[in-house]
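Residue strings, one per chain:
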Amino acid sequence: MARYDFASDNTAPAAPEAVSALLDANRGFTPGYGADAVSARAADLVRAWLDADAEVRFVASGTAANALSLAVLCRPFEAVLAHEHAHVLTDETGAPGFFGHGLGLIGLAGPSGRIDPAGLDAPLSAPDVSFRQSVAALSLTNATEYGTVYSNRQIEALAAPVKARGYGVHLDGARLANAVAAGFDVRGLPKAGVDILVVGGTKAGMPPTEAVVIFDRDLARRFDARLKQAGQLPSKGRFYAAPFIGMLEDGALLRHAAHANSMARRLAAACPFPVRHPVEANGVFVEMDDARLSALHAAGWRAYRFLDGAVRFMCSWATVEATVDELSEALRRIA
């Protein structure tokens, strides 16, 4: 057993507020397939958190949420722009293309996981031709894969040229709570042009669940049928929805995210290795050779080498100061 698994924030247990809400939902009989009072209450809380009138659905995984969201924004012969290291490109085994019946993904560069706005010009201005999948949507991630956070102005600047061409915008918010805890304002997402949003639950401290938020209600037509076809319309849907009640009712979602962010800052401040990316959310990426990483693993700590070659340490709601300090000492011993 690892002394502590920093490989991902999804290795942490579920937060007590989420588990308590699950137990509350496990009483009596309810209608199925999301037509229950628990799902309705959870959707209302998500809408209130976002200050938006939107359709809300709950699914089992971020991969399903992202793939199905992109599938409603693109036709099979079209493509989505995303950062070259975005989860939809690197970690979803072609799921967007599978559920989108062939939609393409085009990777764009940018420092620390944020798309360089200048990189949008060429793909957006490329002529429509019959032998290439032309752009139809943009996918953003906040917080990014490298623990950085887009500002509201940066989201608006990236979305504006996309929306000007009549294309769709998706935001992968697997760690949206961490971005909000770092200062991002989710209430500005509809104004910024985001059509469909994934609010991450699993990495935020819930049992497996993600919320798909459809700001553009025209996209909601037959969305439940799409969920059913994809195996993402569970009969006992209240158990996917309930954790959001527990995490949103008293502010636990942001409270836990702020704690995870603070643990990352604590780790970065004490780390003897160079930190490669700004620490704005709950991730710390350090420069470390294979020998030292192996020594860290041998000492019982878990972290892994990420896409850019840095070693990633993810903090969660369950990370405590004593563990961070113990890891910092272990890093000093191997440095």
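Rules used throughout
- Residues numbered from 1 in each chain as written.
- Predicted model: local features only at pLDDT ≥ 70, side-chain atom pairs only at ≥ 80, totals over all residues.
- Heavy atoms only, no water.
- Helix = DSSP H or I, 4+ residues; strand = E, 2+ residues; numbered from the N terminus.
- Rg over C-alpha atoms; globule rule 2.2 N^0.38 Å.
- Buried < 20%, exposed > 50% of the residue type's maximum accessible area, 1.4 Å probe, protein only.
- Contact = heavy atoms within 4.5 Å.
- Areas by Shrake-Rupley, 256 points an atom, 1.4 Å probe, with all protein chains shown as cover.
- Lys, Arg positive; Asp, Glu negative; His and termini not counted.
- Charge placed at Lys NZ, Arg CZ, Asp CG, Glu CD.
- Pairing = 2+ DSSP bridges.
- Axes fitted to C-alpha atoms, helices over the stretch in contact; angles between N-to-C directions.
- Phe/Tyr/Trp six-rings, centres within 6.5 Å; stacked < 30°, edge-to-face > 60°.
- 1 Å grid on protein atoms, 1.4 Å probe; cavity = no way out; pocket = protein on both sides within 12 Å on 5 of 7 lines; lining within 4 Å.
- Points joined across faces, edges and corners; volume = space filled by probe spheres on them.
- Nonpolar A, V, L, I, M, F, W, Y, C, P; charged D, E, K, R; others polar.

Undergrad: Give a detailed account of the overall build of the protein, specifying residues and quantitative values.
TA: The secondary structure content of the protein amounts to 14 helices and twelve strands. The C-alpha atoms of the protein give a radius of gyration of 20 Å, which matches the 20 Å a tight globule of 335 residues would have. With the principal axes as the frame, the protein shows a C-alpha extent of 55 × 55 × 30 Å. When the 335 residues of the protein are sorted by exposure, 53% land in the buried category. Put simply, of all contacts in the protein between residues at least 6 apart along the chain, 75% involve residues at least 24 apart. Summed over all atoms, the accessible surface of the protein reaches about 14,000 Å², with 53% contributed by carbon and sulfur. Put simply, the protein has 32 plus and 36 minus side-chain charges, and the middle of one group is 2 Å from the middle of the other.

Undergrad: Account for the sheet that holds strand E3 (residues 78–83), naming residues and giving values.
TA: The seven strands lie next to each other as E2-E8-E7-E6-E5-E3-E4, forming an open sheet whose pairing is mixed. The open sheet has two edge strands with one neighbour each: strand E2 (55–59) and strand E4 (104–108). Strand-to-strand, the axes of this sheet are offset by a mean angle of 20°, without reference to chain direction. Of the pairings in the sheet, the one linking strand E7 (residues 196–200) to strand E8 (residues 210–214) comprises five bridges and is antiparallel in character. By the bridge assignment, Gly200 is partnered in E8 with Glu210. In the packing of helix H2 (residues 37–50) onto the sheet, the strands contacted are E2, E7 and E8, and the crossing angle to E2 comes to about 120°. Across the face of the sheet, helix H11 (residues 238–248) comes into contact with E2, E7 and E8 while running at roughly 110° to E2.

Undergrad: How would you explain the packing of aromatic side chains if you had to name every residue and give the values?
TA: Scanning the entire structure with this criterion turns up eight aromatic pairs. Consider the rings of Phe6 and Phe313, whose centres lie 6.3 Å apart with planes at 65°: the pair is edge-to-face. Taken together, the residues span a long stretch of sequence, with Phe6 in the loop between strand E1 (4–5) and helix H1 (16–25) and Phe313 in strand E12 (residues 311–314) at a distance of 307 residues. With a relative accessible area of 1%, Phe313 lands in the buried category. Centre to centre, the rings of Phe58 and Phe244 are 5.3 Å apart; their planes meet at 45°, and the pair counts as tilted. Residue Phe58 is found in strand E2, and its partner Phe244 is found in helix H11; the two are separated by 186 residues along the sequence. For the pair formed by Phe58 and Phe244, the shared burial category is buried. Feature note: the residues Tyr146, Phe285, Tyr304 and Phe306 constitute an aromatic cluster, connected by ring pairs.

Undergrad: With reference to specific residues and values, describe the sheet that holds strand E9 (residues 283–286).
TA: Taken together, three strands build an open sheet; the order of strands is E9-E12-E11 and the sheet is antiparallel. Across the chains shown, the open sheet's two edge strands, defined by having one partner strand only, are E9 and strand E11 (304–305). Judged from the four bridges that link them, E9 and E12 form a sheet pairing that is antiparallel. From the neighbouring strand, Val286 faces E12, where its bridge partner is Val311.

Undergrad: Lay out the layout of surface pockets with the relevant residues and their values.
TA: In this model, the largest pocket occupies a volume close to 240 Å³. Contributing to the lining of the largest pocket are 19 residues, with Gly62, His87, Ala174, Lys203 and Glu210 lying nearest its centre. Of the residues forming the lining of the largest pocket, the biggest block, three residues, is contributed by helix H3 (residues 62–73). For the lining of the largest pocket, a count of residues per class yields three nonpolar, ten polar and six charged.

Take it as geometry only, folks, not as evidence of what the structure does.
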